[in-house]
Structure formats: C-alpha cells, structure tokens
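Coordinate inspection notes
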Amino acid sequence: MTKNIYLTLISSVFLLFSCGGESSENLDENNDTEDVIPIGGVFTMPIASYNKEVQVNEIQKLEESQIYSQIFEGLVKYNAKTLEIEAAVSKEWSVSDDGLTYTFVLREDVYFHDNSCFEGGKGRKVTTEDVVYSFEQIYDDKSTNSAYSIFKNTIAGGDAFHNGEVETIEGITIDGNKVMFQLEVPSLAFIKKLASIFGSVVAKEAVEADVFIPIGTGPFVYDHINSNSELVKLAKNTNYHGVDEKGNKLPYLDSVVFAYYDDNDEQMELFWNGKLSFMRRVPITKISEVLEERIGDFESKPPKFILNSEPELTTTYLELNMTTPVLKKRKVRQALNFAINRKKIFEKILKNQAYEIGKFGIVPPLPKVFEDYDFEGVEDVSYVYNPQRAKELLAEAGYPEGKNFPSLQMQFKSGSTDYLVASELQSQLRSVLNINLDIEAVEFNQMLENKAMGNADIFRTNWAGEYATPEAFLSNAYGKGVPNNTNEPSYPNSARYQNPEFDALFEQGANAKDAAQANEYFSAAEKVLMEDAVFIILWYGEDLALEQAFVRDFETNSIGYIDLKKVYFKTPTAAEYTSN
C-alpha cells in the first residue's frame, strides 16, 4: 500500500471509533454523570523514523520503547506521572536486607496476547518459566542484543551465560509463583532496569516463531496485518488483567496508532485538525506557528490544545569514533570541543528550545532528578566556546591552522532540523580550525547500524535515559563491552572508547550501596570522560509537546515513558476552567 492509503485508513479508524472533537462531544452526551469515563476512541501520535519489528532485546530507539511499552509488560513498571515503580506482571516484591536478593510474586491472571504461535491461537497464562526465559534473552550473546549492556555485571551468573560458559543463569531461581534474583553486588538501579522495556516478559513461542510478531501481555495488541514501516496499529487487549479504581476493565481506548510523516506541514495540519492526539516534539520550523499564530487556541478557556514543556532526560551530543586515526589524539578531540559555539546553535537553530546548552557532561544537569550530583565539578572540566584554545590544541596535535588535517565524515538522522545543526557545525569547524567536515543525512535505522559498526568518524546522537540514574548515560562510555574485532557491532558504546580508569569508577558507582556513594563515583567517572573529550555535548532536551485538550489522563515525563491504558477522550468545558 502507499502512504496515502494508510493515511486514509487512519482517518477511517477515527470515524469508526468516534475519536476527534465532534465525536468526543458525542461521547460526553452519552454520559449520565461526569464520573463516567467514555470508552473507545483511537489515540494517534507521530513517530520520527520508520518502524521495524524487532525483538525486545534489540530495541535502540525511544519510539520503539514507547510502542512496545503498550504491548509488553515486565515484573514492574513505571508510574507515568510520578515515575515511581509499581507492580505489573508481579503483584508484589521484596528485597533482602543485604540488597542482593529480590523476590517477585507473579499475578495469576496475566495472559499473553492471542496468536497463532500458541496452541489453538489462544494466548496462554504467564509462568515463572517465562520470566526465566525472558532474562535468558537479555543475556543472549547475539551481536544485536541491546539489553545486555543494561544488565551486564548485575545478576549472578548472567555474564557467564552470555559468554556461553553455562547453560542456565545461576542467579535466577523459581519456586511456585515466585521468582528470585540473586545479584552479584547490590544495585540501586536494578529495580529501575526491570521497569525498562528490556525487562519485559516475552513468550518463547513468539520469540522463536518463523515470523516474529511482538506479542506481550500489555493493554494493547500489535496489529501485524494493518501495520507497516510507516504505520503501527495496536488494538485493545480484551483479555488484559488491569482494572481501574472502580473495577472497570482497562484499557479504555479501542486502539492506538503510531504514524511516520516526512512532511512537517502535513504533520502539523493533522494535529490542528484533531487527527493527531499528541505530538512529542514540535518541529523547530513550526515553533513560531505554535507560540504566535495559534497561541489563542492554547490560552482560551476551555483550551483547544495543551502545550507542555519540561526538561527531558535526554542529551544531544556528537560521538567521536575512536577507531579513526586522527581522533585517537586527545588534543584533537579537545580542539573540536572548544571549537563549537553551542550558544549560537541554541539561539540560531533551536530558537532557544532546549533546557540548557551542553556545557556540562553527558548526564543531563537536572538536580531534581540527580540529587546531590557534582554537576559543578563536571562543568569545570567540560567545554565552552574558546576558538583560541581550540587552535592552540590543534597546533599542538600537529595540525597548525588545520594543515594536513584529513576530512571527517559526520552522519546524522535525516530531517530538516538535524541538517541545519549539521550545517552549522560544518561551518564552525571550517571557520575556527580550517578543517573540513563532510555531513551526510542517513535514514535513522541505517544510521544506528552505521554507528554500531563505526562506519563514519562522527555521529550525532540524541540519548534518552531509560531509567533516572547517571548510569543510564555513562554506560555509553563503558569500555568492557566493546568487542575486540572492529567488524563486530559495538552498542551502546559505539564510540568504542576504552579507559580502565573510567571503567573502574563506573563499576564502583554501579555497585554502590547508597545514592551518595554512587554519585561520588559516577561524577568522578564523568570527569575522566569529559577530560578525554570523546563526546561533544551540544544541548539537553526540553522540547515543546502538543496535546489535544480532549485527551484525558495522558501523562508526560522526563524519560519519555508513556502508558496509554487509562487514557480516554472527553471534550473540556468552560466550567472546568472557571477557577483558573
């Protein structure tokens, strides 16, 4: 099918399930009281790249995580509003006094989605053996496994299983409906890692089927027939175990649609017309349209649209490929860092739409999230625009005024804003250091493969933390997971940076017994990383997000986690805003 046909399908789905401004009013008219939640509707949001059907342990993109979070569940999950950890496939858990043993008690009413991979096409009940199998997938040794980097050095025997030394993971045992995890050392981040998408419970039948289809236990079911690379359709899981506070079955929505658009004008027009429920990021080229031309639609009572803006757990930076000969020189990397005018990019290209310029490290400077972290100390060894110092360092490295310096190739995700940033970087390096930067726009999925294989000198990266600890960001520089063979993919440390001092501090932070001690080691590791100048930190995220005013109980948060099982549609009334 062509994209236009799929767009027509989306419109048809909206009409079928009564989603949109007029249909929301119709839903309201059918309610006897304000307490009744309207059932039905289609929640639609755009995604920034083509969709790929990947195994859970192969996820690399935030939007893949957002889609799969509606399909899959783990033992625990995040509360989308508070980011506290809640029970999911498990009904309760406990932790031993020494912090080494976690015990989870499974629910008895959780079933996998119906699919032909199961006997009779009926989704079977989740068992403790499924949890064990799911963690064997996390510790699988395949080169495309993204999950292992998160759980490496965590569960006893997990690394030995990954290395093929044993056939079972020693630290995972089962007893009836209980699953016990024995950790190698205490881990403050372990429960948050379980809440990430990589902690999802998967079915062996689905993973090992001839044709993989995402099959989980979550509130929505993947519609394989009506989905493709530009359109992801999820249908209500009518056998979902969840209920609301009054005992009503969840989810409320009939379906969820994630759609890819390569045209910003088309995307904005669909939102203004009520055909998109939520937009996570307003294109830079459309900010004036939102903040100036349409501002009345946000300020009216009741509003037609909701505008959200909050600091995100994201860092945008450049990765320098440590296998590129000239980039192995520390002074060259430092020169590149000093040559970038981040403030100019922030004001000229981003139109001030970011939380902060990249004058700190890779960990976003969010004191409310990372309490008592030494951001000031990290800032002291980080980089701001200093063209004179950049020229001095390049000369000391053997390239005075850029003489005999080779051209560098930089890849970035296809998109108008990304191109504008890349062009500005190219211009700044030429102006300050007299060196050439060849820039290339690459389709996002292909760029992720290129990064892992090191098929360019510099890559623009936008990293979103899966869990709110410095470890989630510093793991991008952990060197013990880098393969010895450059023909093998390296993820998440695609820069292939290796420094024993950094690794030792990182491990001490990951194994710390309390947050204060963890912060001490993590910040020390980050200072080593910044002095080595392997990354060029550009900015920290704070994007404008748009939401239809009729969307209710949809929560946004700093880690980009979304949970749609309690979302419903109801047109706002003026009475709701009389006190505002």
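Note that the structure is a prediction, hence the values are computed from the model and not measured. (Residues numbered from 1 in each chain as written. Predicted model: local features only at pLDDT ≥ 70, side-chain atom pairs only at ≥ 80, totals over all residues. Heavy atoms only, no water.)

Concerning the layout of surface pockets
Defined as follows: Using a 1 Å grid laid over the protein atoms alone, points where a 1.4 Å probe fits but cannot get out form a cavity; open sets with protein on both sides within 12 Å along at least 5 of 7 lines form a pocket; any residue with an atom within 4 Å of a point counts as lining. Grid points are joined across faces, edges and corners, and a volume is the space filled by probe spheres set on the points. Each helix is a run of DSSP H or I of at least 4 residues and each strand a run of E of at least 2, with the numbering of both proceeding from the N terminus. In the scheme used here, Gly and all other residues not listed as nonpolar or charged are polar, with Ala, Val, Leu, Ile, Met, Phe, Trp, Tyr, Cys and Pro taken as nonpolar and Asp, Glu, Lys and Arg as charged.
In this model, the second largest pocket occupies a volume close to 600 Å³. Lys192, Val369, Phe370, Ala468 and Thr469 are, among the 27 residues lining the second largest pocket, the residues nearest its centre. If you list the elements that add at least two residues to the lining of the second largest pocket, you get helix 19 (500-510) and helix 20 (515-532). In terms of residue count, helix 20 provides more of the lining of the second largest pocket than any other element does, five residues in total. The residue inventory of the lining of the second largest pocket, partitioned by class, reads 16 nonpolar, five polar and six charged.

Some thoughts on the packing of aromatic side chains
Defined as follows: Ring geometry is summarised as follows: Phe, Tyr and Trp rings, the Trp one being its six-membered ring, pair when their centres sit within 6.5 Å, and such pairs are stacked at plane angles under 30 degrees, edge-to-face over 60 and tilted between the two. Counting as a charge over the ring demands two things of the Lys NZ or Arg CZ atom: a distance within 6 Å of the ring centre and an angle within 35 degrees of the ring normal.
Considering all chains together, one arrives at 34 aromatic pairs under this definition. In textbook terms, an aromatic cluster arises when at least three aromatic residues are bridged by ring pairs, as seen for Trp93, Tyr102, Phe104, Phe135, Phe151, Phe181 and Phe190. Over the ring of Trp272 we find Arg294; its NZ or CZ atom is 4.2 Å from the centre of that ring.

Focus on the side chain of Gln55
Applicable threshold: When a residue's accessible area, from a 1.4 Å probe over protein chains only, is under 20% of the maximum for its type it is buried; when over 50% it is exposed; and in between it is partly exposed. Two N or O atoms form a polar contact when they lie within 3.5 Å of each other; inside protein one atom must be a possible hydrogen donor and the other a possible acceptor, and for residues adjacent in sequence the pair counts only when both atoms belong to side chains. Contact between two residues is taken to exist if any of their heavy atoms lie within 4.5 Å; hydrogens are not considered.
Inspection of the secondary structure puts Gln55 in the loop between strand 1 (42-47) and helix 3 (62-71). Note on Gln55: relative accessible area 14%, which makes it buried. Within the structure, the side chain of Gln55 is placed 3.2 Å from the backbone oxygen of Val207, a separation counted as a polar contact. Filtering out sequence-adjacent residues up to four positions away, Gln55 remains in contact with Lys142, Val207 and Phe212.

Examining empty space enclosed by the protein
Space left empty within the atom packing is revealed by a probe, the size of a water molecule, rolled over the atoms. Enumeration over the complete set of coordinates arrives at five cavities of 30 Å³ or more. Put simply, the largest cavity is a space of about 190 Å³. Phe278, Arg280, Glu312, Thr556 and Asn557 are, among the 18 residues lining the largest cavity, the residues nearest its centre. A class-by-class count of the residues in the lining of the largest cavity yields five nonpolar, eight polar and five charged. Within this model, the second largest cavity holds a volume of roughly 90 Å³.

Observations concerning the sheet that holds strand 19 (residues 544-548)
We apply this condition: Any two strands are treated as partners once DSSP identifies two or more bridges connecting them. Axis lines are fitted through C-alpha atoms, for helices just across the contact stretch, and the angle between N-to-C directions can take any value from 0 to 180 degrees.
As summarised here, the arrangement of the three strands in space is 11-19-12, forming an open sheet in which the pairing is antiparallel. Each edge of the sheet is formed by a strand with only one pairing partner; in this case those strands are strand 11 (278-279) and strand 12 (305-309). As defined by bridge partners, strand 12 adjoins strand 19 across five bridges and the pair is classed as antiparallel. Each bridged residue has a counterpart across the sheet, and for Phe305 the counterpart in strand 19 is Gln548. Set on the sheet, helix 9 (residues 264-272) makes contact with strand 11, strand 12 and strand 19; between it and strand 19 the angle comes to about 40°.

What to know about the pattern of salt bridges
The following threshold applies: Salt bridges are counted wherever a side-chain nitrogen of Lys or Arg sits within 4 Å of a carboxyl oxygen of Asp or Glu.
Counted according to the given criterion, the structure contains 30 salt bridges. Residue Lys61 pairs with Glu64 through a salt bridge whose shortest N-O separation is 3.9 Å. For Lys125, the salt bridge goes to Glu108, with nearest N and O atoms at 2.8 Å. Taken together, the residues span a long stretch of sequence, with Lys125 in the loop between strand 5 (101-106) and helix 4 (128-138) and Glu108 in the loop between strand 5 and helix 4 at a distance of 17 residues. In the salt-bridge network here, residues are joined through shared partners; they are Lys331, Arg389, Glu392 and Glu396.

Focus: unusual backbone geometry
A cis amide bond, omega 5°, links Lys301 with the succeeding residue Pro302. Summarising the element assignment, Pro302 is placed in the loop between helix 11 (295-299) and strand 12. For the bond running from Tyr491 to Pro492, omega is 0°, close enough to zero to count as cis. Within the element layout of this structure, Pro492 appears in the loop between helix 18 (471-474) and helix 19. A positive phi angle is found at Arg496, which is not glycine, with a value near 60°. With respect to the helices and strands, Arg496 occurs in the loop between helix 18 and helix 19. A positive phi angle, near 55°, is found at Ala533, a position not held by glycine. Tracing the backbone shows Ala533 in the loop between helix 20 and strand 18 (535-540). Residue Ala533 is classed as buried on the basis of its relative accessible area of 1%.

What about the packing of helix 19 against helix 20?
What counts is decided by this rule: Should an angle fall under 35 degrees it is taken as roughly parallel, and over 145 as roughly antiparallel, whereas 65 to 115 is taken as roughly perpendicular and any remaining angle as oblique. Each crossing gets its hand from how the near helix is turned against the far one by less than a right angle, where anticlockwise is left-handed and clockwise is right-handed.
It is at 7 Å that the axes of helix 19 and helix 20 come closest, and there the two elements cross at 160°. If you check the angle between helix 19 and helix 20, you find them roughly antiparallel. With respect to the hand of their crossing, helix 19 and helix 20 are arranged in left-handed fashion. Across the interface between the two elements, Glu501, Phe502, Leu505, Phe506, Gln508, Gly509 and Ala510 of helix 19 pack against Ala518, Tyr521, Phe522, Ala524, Ala525, Val528 and Leu529 of helix 20. Here the residues of the contact of helix 19 with helix 20 sort into 11 nonpolar, two polar and one charged.

Thoughts on the packing of helix 12 (residues 330-339) against helix 15 (residues 387-396)
Between helix 12 and helix 15, the least distance of the axes is 8 Å, while the angle of their chain directions is 160°. Here helix 12 is positioned roughly antiparallel relative to helix 15, judged by the angle of their axes. In this structure, helix 12 crosses over helix 15, and the sense of that crossing is left-handed. Packed against helix 12, whose contacting residues are Lys331, Val332, Gln334, Ala335, Phe338 and Ala339, the element helix 15 presents Pro387, Arg389, Ala390, Leu393, Leu394 and Glu396 at the interface.

Geometric values such as these leave the question of function open.
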